[in-house]
Amino acid sequence: MAERTDEQAPARPWRRRLRTAGRWLRRGLLGLLFAVVALLGFVLGTQTGTRLALQAGLAQYAGLIPGDAALAEVHGNLLDGPELRGLVLRDRRGVERVRVDRLRLGWTPLAALDGEVPLAVTLAGVRVALGPGGDAAALQDLAPPPSGEPPPPSEGPLEVPVTVEAWLRIDDLQITVPDGPPLVALQHLVVRADAQGAELGVGIHRLEAAAQGHAVRALRLGATWDGAQAELSGLWLDSDLGQVRAPRLVVTPAGYTGRLVLDARADRAALAPLLAAQGLAPLPADPTVRLRGGGGPDGFELSL
């Protein structure tokens, strides 16, 4: 009779138990993976999941501040970009300090796989209530108390690993004080920001606002930062008091360098009430200022 080889020998009990445990482990891991994917799909792809996630995050924020936060409605989902309505922040006394009627977030998450992050934020119906005399300390209850620990040392300029293109639009923002007219009434603001690596660019494409009884009809400004220097370009301000234009100014850690060209013109009719309040006579013509400058870290010359 031939002898039974090891391959023909019956499996030992501990080997059977090990194979059984392996099968159950694989099934458990697959079930866990399926549950995680299903949960992510529920949170990111459904309005109910998005609402629960945002409310949980808002509750976490409210637990960190002396004040309180509330959200009335959530529409859409995180994949397509949600819309929040009735966002309210209150101080510890229950006084409403910030209200946002509508906040819309727009993005394309899958674009991050190609190294691009397009982002659009729209706010409408924003109200910010300061304290008497415009005291911004009334907003302190909306931030977590300081930890008392010094901030970590900087390790150089922040580098963004992807290309970010962000747009911010604000319609109808008012900054108010008790028993007085709004300090600032902003009708429209459109800002674009681009970031790639250590380079950052910001541009104000549109601004219409009123402050302290004066109107800003238009403001345009471009700014870039590459970790070594900042450059301001294309400043154009048009208000009821006059206009200001500054084509270019470069700022480095060592000082100012480059060229500055500043043209300003004031409207004498708009200045007349301000001068009269100081007991001064009105101006005979619109005052103008032309400022020219240039130089580097060793010196910067200005001329009128």
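The structure displayed is predicted, hence computed values, not measured ones.

### Observations concerning the overall build of the protein chain
Inference 1: Within the protein chain, the regular secondary structure consists of 3 helices and 13 strands.
Inference 2: Looking at the protein chain as a whole, 25% of its 304 residues qualify as buried.
Inference 3: Put simply, 42% of the contacts in the protein chain that link residues at least 6 apart link residues at least 24 apart.
Inference 4: On the protein chain, roughly 19800 Å² of surface is accessible, and the fraction owed to carbon and sulfur atoms is 61%.

### Description of unusual backbone geometry
Inference 1: With a phi close to 65°, D172 is a non-glycine residue in the positive phi region.
Inference 2: Inspection of the secondary structure puts D172 in strand β5 (residues 160-176).
Inference 3: With phi around 55°, D179 is a residue other than glycine that occupies positive phi space.
Inference 4: Summarising the element assignment, D179 is placed in the loop between β5 and β6 (184-197).

### Notes on a positive patch on the surface
Inference 1: Among the surface-exposed residues, R16, R19, R23 and R26 lie close enough to one another that they form a single positively charged patch.
Inference 2: With respect to the element layout, R23 can be found in helix α1 (residues 13-45).
Inference 3: Judged by relative accessible area, R23 falls into the partly exposed class, the value being 37%.

### Quick word on the side chain of E83
Inference 1: The residue E83 is located in strand β2 (residues 83-90) in this model.
Inference 2: Take E83: its relative accessible area is 12%, and that puts it in the buried class.
Inference 3: A polar side-chain atom of E83 sits 2.6 Å from a polar atom in the side chain of R85.

### Topic: the side chain of D238
Inference 1: Here D238 shows up in strand β9 (residues 230-239).
Inference 2: The exposure class of D238 is buried, given its relative accessible area of 16%.
Inference 3: A distance of 3.0 Å separates a polar atom in the side chain of D238 from a polar atom in the side chain of Q243.
Inference 4: When near neighbours in sequence (up to four residues on either side) are disregarded, D238 contacts V216, R217, A218 and Q243.

### Observations concerning the nonpolar core
Inference 1: Residues L71, V100, L123, V126, I170, L186 and L189 are the most contacted members of the largest nonpolar core, which totals 26 residues.
Inference 2: Only α2 (47-62), β1 (68-75), β2, β3 (96-107), β4 (116-129), β5, β6 and β7 (199-211) provide two or more residues apiece to this core.
Inference 3: For this core, the element with the most residues is β4, which contributes 4 residues.

### Considering α2
Inference 1: End to end, α2 covers 22 Å across 16 residues, agreeing with the expected 22 Å (1.5 Å per residue, within 8%).
Inference 2: Considered for burial, the residues of α2 that qualify are G49, T50, L58 and A62.

### Notes on the confidence of the model for the protein chain
Inference 1: Residue-level pLDDT values for the protein chain average 79, and 78% of them are 70 or greater.
Inference 2: For the protein chain, the element scoring lowest by mean pLDDT is strand β13 (residues 299-303), at 61; β2 scores highest, at 94.

### Focus: the pattern of salt bridges
Inference 1: The tally for this structure, following the rule as stated, stands at 11 salt bridges.
Inference 2: Notably, a salt bridge pairs D141 with R92, separated by 2.8 Å at the nearest N-O pair. Highlighted residues: D141 in the loop between β4 and β5 and R92 in the loop between β2 and β3, separated in sequence by 49 residues.
Inference 3: For D141, a relative accessible area of 13% gives the class buried.
Inference 4: Put simply, D91, R93 and R97 are held in one network by salt bridges that share partners.

### Here we look at a nonpolar patch on the surface
Inference 1: On the surface, a nonpolar cluster with roughly 240 Å² of combined accessible area is contributed by L200, V202 and W225.
Inference 2: Mapped onto the secondary structure, V202 falls in strand β7.

### Topic: helix α3 (residues 268-277)
Inference 1: When we look at burial in α3, the residues that qualify are A270, L271 and L275. Mapping the buried residues of α3 onto a view down its axis gives an arc of 135°, with all of them on the same face. Exposed side chains of α3 directed beyond 90 degrees from the buried face belong to A269, P273, A276 and A277.
Inference 2: Its side-chain oxygen at 2.9 Å from the backbone nitrogen of A269, D267 defines the N-terminal cap of α3.
Inference 3: Positive phi shows up at G279, right after α3, with a value of about 75°.

Rules and cut-offs
Residues numbered from 1 in each chain as written. Predicted model: local features only at pLDDT ≥ 70, side-chain atom pairs only at ≥ 80, totals over all residues. Heavy atoms only, no water. Helix = DSSP H or I, 4+ residues; strand = E, 2+ residues; numbered from the N terminus. Buried < 20%, exposed > 50% of the residue type's maximum accessible area, 1.4 Å probe, protein only. Contact = heavy atoms within 4.5 Å. Areas by Shrake-Rupley, 256 points an atom, 1.4 Å probe, with all protein chains shown as cover. Patch = residues over 30% accessible without salt bridge, like charges linked within 9 Å, V, L, I, M, F, W, Y side chains within 5 Å. Salt bridge = Lys/Arg side-chain N within 4 Å of Asp/Glu carboxyl O. Lys, Arg positive; Asp, Glu negative; His and termini not counted. Charge placed at Lys NZ, Arg CZ, Asp CG, Glu CD. Polar contact = N/O pair within 3.5 Å; in protein donor to acceptor, adjacent residues only side chain to side chain. Core = buried A, V, L, I, M, F, W, Y, C linked by side-chain atoms within 4.5 Å. Expected span 1.5 Å × (residues − 1). pLDDT = per-residue confidence, 0-100. Arc of directions from axis to C-beta.

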